[in-house]
Amino acid sequence: MDRPPTLSQIVLKTHSRCDLACDHCYVYEHADTSWRGRPRAVSQEILAAAAARIAEHALLHRLPTVHVVLHGGEPLLAGPALLRRAAEELGRALDGISALDLRIHTNGVLLDEEFCELFRELGVRVGISLDGDRESNDRHRRYADGRSSHAKVLDAVALLSRPRYRELFAGLLCTIDIENDPVAVHDALVALGPPRIDFLLPHATWDTPPPRPAGRPTPYADWLDAVYRRWDAAGRPVPVRTFESVHRTLRGGSSLTESLGLAPADLVVIETDGAYEQADSLKTAYDGAPATGLNVFEHSLDDVLRHPGMLARQKGIEALCAQCTACPVVESCGGGLYAHRYRTANGFDNPSVFCPDLLALITRIRTYEQIPEDAHTRPHEATAHAAVGEAAEMAEHPLEPGDFDELAAGFGGAATVRRLALAQLDLNRDLLAAVGGRVRDSDRRAMAAWELLVDLDADAPQALEAALAHPYFRPWALRVLGDDTRSAPATGLAELAAAAALRARRADAVTVPLRAGTLRLPGIGRALLPGDAEEAEVTAESYGFTVRSGGQRLRMGWGDGLDGRTPYWQPVRLFEADGWTVALEDTDPLRDRYEWPVADRLPAPGARAWAQGLAIAWSLMQRQLTAYAPGIAAGLRVVTPLTPRPGCHTSATCRDAFGAVAAARPSDPDLLALLIVHEFQHVKLGAVLDVCDLYDPEDHSHYYAPWRDDPRPLDGLLQGAYAHLAVTDFWRVRRSTAEGPAARERAQTEFARWRQQTTDAIDTLARSGSLTAHGKRFVAAMGETAAAWRAEQVPPRALTGARDAARRHRDAWRARNAPRG
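Reference entry: report on the structure contained in this document. A quick note: this is a predicted structure, and the numbers were derived from the prediction, not measured.

All right, on to the packing of aromatic side chains then. All told, the structure shown has 21 aromatic pairs when counted by the stated rule. The interplanar angle of 35° and the centroid separation of 6.4 Å between the aromatic rings of Phe 199 and Phe 243 together place this pair among those described as tilted. In this pair, Phe 199 is assigned in strand β6 (residues 197-200) and Phe 243 in helix α8 (residues 241-250), connecting sequence segments 44 residues apart. Given the relative accessible area of 0%, Phe 243 is considered buried. Between Tyr 342 and Phe 348 the ring centres are 5.1 Å apart and the planes differ by 55°, which places this aromatic pair in the tilted class. Taken together, Phe 199, Trp 223, Tyr 228, Trp 231, Phe 243 and Tyr 368 form an aromatic cluster joined through their ring pairs. Over the ring of Tyr 143 we find Arg 147, and its NZ or CZ is 4.1 Å from the ring centre.

Written out as structure tokens, the structure reads:
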């Protein structure tokens, strides 16, 4: 069932006049003249009423985040006091209801340190309009007396680029003029190092079409194509919203801009007199085009949604003309910007006046990126992880709201993690079904294993589920489903069937192909069989099981504890403590799923050292990390030893191996506790991502991570920030529990450092613009946890050291990753 439409993007006009006289401005230079009758500045009464209406709508529709842009005219003309009042009214109204993403878009000429300090205090991000180099910018963006605005805008960008204000910088907005040199415009904008660039087509309609030089049928596509090729050749040094939107929509994703794609309109404008209006771009169509006749004092935002103009922009492809619906790029183009379709004779029932340019540009980009023409209808078809996504939609144990909130805060108790595990089991069942669908009748071994698995599912489902819950089942299944031969290897199915049959104590004789002489029984152990046999027959017995291979009959027990004395059989060793049982997995040939090499089978002394280390680490977790220990006991079933690396602590997770972490055992059991808590954060977040989209997968941008020297994709930044919440908490607790002054001083330093880095990363995530509604809610809860720790006192030296280190790291990172001229 489709969700009802909502309005989550609000343009709030704080001033209706401007200090520049740009001749391409849609507010003052196009068809609409309503600005003449508007108050110059918004009143405090209107701000309060607007904030109340926004909060009312957010509460009714349970919006996780509301995006508000302070706009004009030129919003800085409203002055610091009025802008502060606007931000504070919005913050108060939305407190406890929705997160507030507050921005301001300005021409930049008035931006100074006073404004930047205000925006830094209030968390307001700043977008700047700039059309390129001086010649390009001054073609339109001048003062009324003809003076250039370029130098003042560059001053504003330089101010936002200072380390103190860099986090405020939202990006640059450039309006296209085909008379400008596209390469010069690109280079001038990129040289300023903005976090994002957006290119806008000039506003035009069929009544007032854009300039088109003779003999050039697609001049705007040609201009943007030149920019695209320059941008691509330079290594795509900065995200470009226009190009990213084309990439995403061609692959079936969502657009980042209202000028592309088929998403319903979710934006409303509140003018300085409190009137609700539709998108400002409609001012280019005809006088009064954006008007609704509604206002903040008498009407709700839901009333606005019922306005005919808004309803017309909720229908997606159904609202497009016949020419558009028949177009091969309609899913990406979306008919172009609504205002650009206008013609007096038939309103908006037309393609965009830029139709030839949009078709040419999208087609060229599709060719450059080698995106299939039907990719939008199958964005992840034939990929293994699509099976996980499809299975997630059918999972019987989706996250409950309370579980989501608990996990989003960085924690997750036993009941919550058990439900995560059940959801993972559902996904694994569906993956097994997908693998079974590839079994061919001609493959006798695979068919026999599959039939036994089906039988076990009916007679001994708990035994099958125990085998399916083994962490390394899913990586194997995904590899099978990603194999273009579209076959189901008999070896993996037979191993799974044998393990499940043994757990059920069934007397079935299961024939299992060997892996280079090794019999793999996932979750149980392995047998290193003598001779050169290619298969073994496994049968459960009262004492354990027998293995027949190469003419030999070998009797195996269920386990040999930690002494390792059984000649052929190497069982998975179990560590059992108060409330936690975990397998020390050093037998599975498929466990090598990590960045670092796994350790070979541990000798008895090594296994005993692991058991002792786990016992001490678990005791610490139970006593000092009480927010994490119950979830670990409920969900962490496997620890895979890694090969130690001299001089560093090594740990890892595999995204598709729920319930497992890998680590090289540190000499200090306290650090083992830290590694386990840290890595289990990744396990939990991976499980959340399997059933809930937190970010747009089409965001291919890279972001600053305070703990890395290289930029990270959004998922890497999210994973790191979530894991480091637990790292921060570990050191927070250790400040009072560590033994000795030196250890406690180190804990203070580490707490200050990780608190700073994790908070910075969460802020970057919140401002990425690529989080889904669930993602915004999730990251907001992460931020609340980190914010609670900010109030905790640390020694001034530790605090200063953390801030200085963060600044040095960011400066060095910028120097390394700056675009090369």
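Let's shift gears to the sheet that holds strand β14 (residues 544-549). The antiparallel open sheet is built from four strands, whose spatial order is β10-β13-β14-β15. On the outer flanks of this sheet lie β10 (510-513) and β15 (552-557), each paired with one strand and no other. Between one strand axis and the next, the sheet turns through 30° on average, direction left out of account. Note that strand β13 (residues 535-540) and β14 share four bridges and pair antiparallel. Paired with Ala 540 across the bridge in β14 is Phe 545. The strands touched by helix α20 (residues 490-503) within the sheet are β10, β13 and β14, with β10 carrying the most contacts at an inclination of about 140°.

Considering the arrangement of structural elements, one finds His 307 in the loop between α9 (301-305) and α10 (308-312). For His 307, a relative accessible area of 17% gives the class buried. Side-chain polar atoms of His 307 contact the backbone nitrogen of Gly 309, separated by 2.9 Å. Aside from chain neighbours lying at most four places away, what touches His 307 is Gln 278, Ala 291 and Thr 292.

With respect to the helices and strands, the residue Ser 768 is situated in the loop between α25 (741-766) and α26 (773-790). When the C-alpha positions of Ser 768 and Pro 741 are compared, they lie 41 Å apart, and in sequence the two are 27 residues distant. The residues contacting Ser 768, other than those within four sequence positions of it, are Arg 196, Tyr 703 and Leu 714. Only 3.2 Å separates the side chain of Ser 768 from the backbone nitrogen of Ser 770, close enough to count as a polar contact.

Turning our eyes to something else, we now look at the pattern of salt bridges. Two side chains carrying opposite charge are able to pair once their charged atoms lie near each other. The tally for this structure, following the rule as stated, stands at 57 salt bridges. Between Arg 230 and Asp 187 there is a salt bridge, with the nearest N and O atoms lying 2.6 Å from each other. A residue pair is termed long-range when its members are at least 10 positions apart, and Arg 230 in helix α7 (residues 219-233) and Asp 187 in helix α6 (residues 182-191) qualify at 43 residues. Taking the relative accessible area as the measure of exposure, Arg 230 reaches 37% and is therefore partly exposed. In this structure, Asp 729 and Arg 732 form a salt bridge, with 2.8 Å as the shortest nitrogen-oxygen distance. Of this pair, Asp 729 and Arg 732 are both found in helix α24 (residues 714-737), three residues apart, which corresponds to roughly one turn of the helix. According to the relative accessible area criterion, Arg 732 is partly exposed, its value standing at 25%.

The buried fraction of strand β18 (residues 580-584) is high, at four of five residues. Taken together, the five bridges between strand β17 (residues 573-577) and β18 define a ladder with antiparallel strand orientation. Counterpart to Glu 576 in the pairing with β18 is Thr 581. Hairpin connection from β17 to β18: two residues lie between these consecutive antiparallel strands, with Gly 579 at a positive phi of about 85°.

To continue, consider the sheet that holds β6. Reading across from one edge, β6-β5-β4-β3-β2-β1-β7-β8-β9 is the order of the nine strands in this open sheet, with mixed pairing throughout. Each edge of the open sheet carries a strand with a single partner, namely β6 and β9 (291-295). Pairwise comparison of adjacent strand axes, ignoring direction, gives a mean angle of 25° for this sheet. Relative to strand β4 (residues 124-129), strand β3 (residues 99-106) runs parallel, the two sharing five bridges. Bridge assignment links Leu 102 to a residue of β4, and that residue is Val 124.

The next thing to look at is the side chain of Thr 257. By the element assignment, Thr 257 lies in the loop between α8 and β7 (267-270). Judged by relative accessible area, Thr 257 falls into the buried class, the value being 13%. Apart from the residues within four sequence positions on either side, Thr 257 is in contact with Arg 241 and Ser 245.

Quick notes on the rules
Residues numbered from 1 in each chain as written. Predicted model: local features only at pLDDT ≥ 70, side-chain atom pairs only at ≥ 80, totals over all residues. Heavy atoms only, no water. Phe/Tyr/Trp six-rings, centres within 6.5 Å; stacked < 30°, edge-to-face > 60°. Helix = DSSP H or I, 4+ residues; strand = E, 2+ residues; numbered from the N terminus. Buried < 20%, exposed > 50% of the residue type's maximum accessible area, 1.4 Å probe, protein only. Lys NZ or Arg CZ within 6 Å of the ring centre and 35° of its normal. Pairing = 2+ DSSP bridges. Axes fitted to C-alpha atoms, helices over the stretch in contact; angles between N-to-C directions. Contact = heavy atoms within 4.5 Å. Polar contact = N/O pair within 3.5 Å; in protein donor to acceptor, adjacent residues only side chain to side chain. Salt bridge = Lys/Arg side-chain N within 4 Å of Asp/Glu carboxyl O.

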